[in-house]
There are 2 protein chains.
Amino acid sequence: MGNSIKEAEKYCKENDLKFTPVRRKVLEILLQKNKALGAYEILDLLREAGFKNQPPVAYRALDFLVKNGFAHKIEQLNSFVGCMHPGKDHSPAFMICRNCDFVSEEEAINPSFSVSKIASKAGFKVEKAVIEARGLCHSCASSA
Amino acid sequence: MGNSIKEAEKYCKENDLKFTPVRRKVLEILLQKNKALGAYEILDLLREAGFKNQPPVAYRALDFLVKNGFAHKIEQLNSFVGCMHPGKDHSPAFMICRNCDFVSEEEAINPSFSVSKIASKAGFKVEKAVIEARGLCHSCASSA
DNA sequence: TCCTCCATGATATAACATAACATCTAGGCA
DNA sequence: TGCCTAGATGTTATGTTATATCATGGAGGA
């Protein structure tokens, strides 16, 4: 995880992006918690860490992180997760456990390829594919 | 489209579900508009049609329609569309045009199969897969 | 009849997100 | 150095989406 922070730092340096304290802190929070967090939860944690806590503070940092591939938004939960393989060009698919809310990120090359095929039949040009599965994670499924 | 309404009616009769006036009206609205509508837009249209217009009115009807497969929620837009092939057991994938906001529903058997494969590697049991592509529809792409 | 289940009515509020404008700060360059 | 610019942050206000809660109504079964 300190790893992901370092990668983000490096990427920003190389691409002339500002990895400011609040952006770094939000990414640290996401990576530490290792679960999907809402913007307002993040905001609370920022406040605890001494940052300002108006909503735009969190949303701006999250926009930055998402735009640059350091975090992802989970649309079904209106929440955010740190990216597990930043830097790499990737097509993530998320597995969201309906019981414990744990979110795991998997690489979704095949599904997104299939989506593109379907799309091109329909004359649609895909720029981004959101793939989110809901269900039960291994540990919740086995303890059920 | 009158067709989809009839199918919904039939399905409800067979499954002992109440296809009440407000539920029917919301489905009619979705099918007529043939685009993604937010709950509050639907609420306005309900009011125009003489229904009550507190938020729960729309959300309850939408919950019913989504739960029974007559409509879908588009997570990226926080909005709703009528289902294009109700009744059939299906895995929809949505193509959302970022220019005109038009949403088309395609059948996503392959992508959702690939998602399940990835999931099972991860020990995850998929109950529902959300697949939404963002990009340009044919007509917007060609006029660009 | 009366009871139960579900739908609807109604009020309030929670949760999520952005608009708009002011201020600050680092870095380029005259 | 001193100015200028671009982007980041501060701040206030508000817009948008969604749900909790409790009261009321109405169809159908025992």
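Structure: above.
Throughout what follows, the structure given in this document is the object of discussion. (Residues numbered from 1 in each chain as written. Chains lettered and ligands numbered in written order. Predicted model: local features only at pLDDT ≥ 70, side-chain atom pairs only at ≥ 80, totals over all residues. Heavy atoms only, no water.)

## Observations concerning the overall build of chain A
When helices and strands are tallied, chain A shows six helices and five strands. Written out in order from the N terminus, the α and β elements of chain A read α-α-α-α-β-β-β-β-α-β-α. Overall, the C-alpha framework of chain A stretches about 50 × 45 × 25 Å when taken along its three principal axes. Per-residue burial for chain A yields a buried fraction of 45% across its 144 residues. A total of about 7,800 Å² of accessible surface is found on chain A, and carbon and sulfur atoms cover 49% of it. With 21 positive and 17 negative side-chain charges, chain A shows a separation of 2 Å between the mean positions of the two kinds. (Helix = DSSP H or I, 4+ residues; strand = E, 2+ residues; numbered from the N terminus. Buried < 20%, exposed > 50% of the residue type's maximum accessible area, 1.4 Å probe, protein only. Areas by Shrake-Rupley, 256 points an atom, 1.4 Å probe, with all protein chains shown as cover. Lys, Arg positive; Asp, Glu negative; His and termini not counted. Charge placed at Lys NZ, Arg CZ, Asp CG, Glu CD.)

## Side note on the relation of the copies chain A and chain B
Of the transformation placing chain A onto chain B, the axial shift is 0.0 Å and the rotation is 179°, giving an RMSD of 0.1 Å. Here the symmetry operator amounts to a two-fold rotation axis. Mapped onto chain B, 100% of the interface residues of chain A again fall at the interface, so both copies present the same surface. (Least-squares fit on C-alpha atoms with pLDDT ≥ 70 in both. Contact = heavy atoms within 4.5 Å.)

## Here's the deal with the interface of chain A and chain B
Chain A puts 33 residues into the contact, and the matching count from chain B is 33 residues. Across the chain A to chain B interface the summed buried area is about 2,700 Å²; carbon plus sulfur atoms make up 63%. Along the contact surface separating chain A from chain B lie two salt bridges. The residue Glu-127 of chain B makes a salt bridge to Arg-98 of chain A at a minimum N-O spacing of 2.7 Å. Where chain A packs against chain B, one counts 12 residue pairs in polar contact (both at pLDDT 80 or more). The leading source of residues in the side of chain A that touches chain B is strand S5 (residues 125-136) of chain A, at 12 residues. Residues of the side of chain A that touches chain B, tallied by class, amount to 17 nonpolar, seven polar and nine charged. Sheet topology places S5 of chain A next to strand S5 (residues 125-136) of chain B; 11 bridges connect them, and they run antiparallel. Of the residues in S5 of chain B, the one forming a bridge with Lys-125 of chain A is Leu-136 of chain B. (Buried area = accessible area lost by both parts, 1.4 Å probe. Salt bridge = Lys/Arg side-chain N within 4 Å of Asp/Glu carboxyl O. Polar contact = N/O pair within 3.5 Å; in protein donor to acceptor, adjacent residues only side chain to side chain. Nonpolar A, V, L, I, M, F, W, Y, C, P; charged D, E, K, R; others polar. Pairing = 2+ DSSP bridges.)

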